[in-house]
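These are the residues of each chain, in order.
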Amino acid sequence: KFCCDGFVNSRMKFSELHATTGHACLSPNGEYVASSKAARLYVRLTSTLTVLQTYNCKDAIDHLEWSSDSMYVLCANYKRGLVEVWSLEDPEWHCRIDEGAAGLDHVTWAPDGRHILTTAQFQLRVTIWSLVSQRISYIRFPKHARTGLVFSPDHKYLSVLERKDCKDFLSVFDCSSWQMVLHFPTETQDAVDVAWSPDTQFVAVYDSNLYYKINIFNLQGDLLGSYSAYEDALGIKGVQWSPSSQLLAIGSYDQSIRLLNNLTWTKIVEFKHKHTIDPSATLTVYQEQAAPETKARSYGIQTEARKLDVLKLDPEKPDPKLGVAWLRFSCNSRYLACRNDQTPTTLYVWDIAKLRCCAVMQQLSTLRDGAWHPHRELLAYCSGSNVVYFWSPDGASCVQLPLQDKFNISSVEWSPDGTTLLLQSKDKLCLCFPSDEV
């Protein structure tokens, strides 16, 4: 197992820091990075971070997003109900969408990169704006503004949760014509979101945390399976499909993850997150350490059982910090990384092939974000410091950024080709360029 910072650091390069107002994202082709600073949008080349284009918006940018072909960037200001679209090919071209009195709760691109979907306040409607024909289509009364509005992975369909006559329904629209092609009841008490399988063969609809129920349907609207682990307690907190579409992982408030198979839709294993970790020949436990003087971070391997840092729950507050909401599969479905919110400084990695936990990383501060490499068994994660962490089946490592300025990393994002890692804090961004040897 490797735990040496220099092993990884010598195979990485970092860019300089650039100021933002908390919004930055890589383009789908990985060639550009867009970032905002107040009302100004910057588009830089990923390779050098040279500014390619600068755009001035009408107001502060609350949200920015690339089109699927990396040719357009949309910026939204929710308070003014305003969306602005900019073109990389033609800097003079500019599109402005104003929701007016209806207000704006959410905006996103359609998969074709030529339509934009906006959700009005109070879930009055979803408006589909065409940048090509300038035609407008409407979907009335979605149940939620952000959740339940999900495109299929093959980009052919849009699913929308609806609530009519005190019952939940799922409507499926054809993305080429925006006509409804399917409408069926979801058999839920209070559906909160939808999760498509990566092969677009199945769609899972699950209840809010007041109930524990998840239903799986095919594209004909037939109910294939239904699962409920328990009743009369807070239920589902996170749902994630494996890239192979063979497994459906369900994170719950009881601090467990349950895996369902795609043949019988029954539980094949339950991963429990205990508050005491006991290292073994098959489980490696890493403890982050800080040097007394330099504060340099490193991992040490634990050999004895120890208790984890556990948050105390306040029964008077809603939505307790408890259970598994963040869970991510590796690109080949072999590993599952997760965090139990009651032990927020601990990162677990489960080996799906062997159905057991293979690694536990104990951080000095709360785990903020993590992302798997798109083509390798390599997990990058952060915990609000100027250190980026990596785990692979070979081991774990801490990499301190060679920067003088304060940079508390709060999110990580891989480029689609895996050559670039975008690191963000509240007001800065930095690019990391790992080599293939990492």
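The present account deals with the structure reproduced in this document. Predicted, not measured: the structure shown is a model, and the values here were computed from it. (Residues numbered from 1 in each chain as written. Predicted model: local features only at pLDDT ≥ 70, side-chain atom pairs only at ≥ 80, totals over all residues. Heavy atoms only, no water.)

Glancing now at the sheet that holds strand β23 (residues 236-241). An order of β23-β24-β25-β26 is seen for the four strands of this open sheet, with the pairing classed as antiparallel. The sheet terminates laterally at β23 and β26 (267-272), the two strands that pair on one side only. When the angles between neighbouring strand axes are averaged without regard to direction, this sheet yields 20°. In this sheet, strand β25 (residues 256-261) lies alongside strand β24 (residues 247-252) in antiparallel orientation, the contact comprising five bridges. Residue Ile-250 lies in a different strand from β25, and its bridge partner there is Arg-258. (Pairing = 2+ DSSP bridges. Helix = DSSP H or I, 4+ residues; strand = E, 2+ residues; numbered from the N terminus. Axes fitted to C-alpha atoms, helices over the stretch in contact; angles between N-to-C directions.)

The phi torsion at Asp-232 lies on the positive side, around 60°, for a residue other than glycine. Here Asp-232 lies in the loop between β22 (223-227) and β23. In this structure, Lys-295 takes a positive phi of about 65° despite not being glycine.

Moving on, we come to the pattern of salt bridges. Opposite charge on two side chains allows them to pair when their charged atoms are near. The full count for this structure, using the stated rule, is 15 salt bridges. By sharing partners, the salt bridges in this structure join Lys-143, Arg-163, Asp-168 and Asp-190 into a single network. (Salt bridge = Lys/Arg side-chain N within 4 Å of Asp/Glu carboxyl O.)

For the coordinates displayed, the defined rule picks out one cavity of 30 Å³ or more. Approximately 40 Å³ is the volume found for the largest cavity. In terms of lining residues, the largest cavity is bounded by Cys-57, Asp-59, Ala-60, Ile-61, Cys-75, Ala-76, Asn-77, Leu-82 and Glu-84. Top contributing element to the lining of the largest cavity by residue count: strand β8 (residues 72-77), with three residues. Considering only residue class, the lining of the largest cavity consists of six nonpolar, one polar and two charged. (1 Å grid on protein atoms, 1.4 Å probe; cavity = no way out; pocket = protein on both sides within 12 Å on 5 of 7 lines; lining within 4 Å. Points joined across faces, edges and corners; volume = space filled by probe spheres on them. Nonpolar A, V, L, I, M, F, W, Y, C, P; charged D, E, K, R; others polar.)

The next thing to look at is the layout of surface pockets. Of the voids in this model, the largest pocket is the one considered here, and its volume is about 1,100 Å³. Surrounding the largest pocket, 32 residues form its lining, Phe-151, Pro-153, His-155, Gln-240 and Arg-328 being those nearest its centre. Contributions of two or more residues to the lining of the largest pocket are made by β3 (24-26), β7 (63-66), β11 (106-109), β19 (191-196), β23 and β39 (411-414). Among the elements that take part in the lining of the largest pocket, β19 stands out by supplying four residues, more than any other. When the residues that make up the lining of the largest pocket are grouped by side-chain class, the tally is 18 nonpolar, nine polar and five charged.

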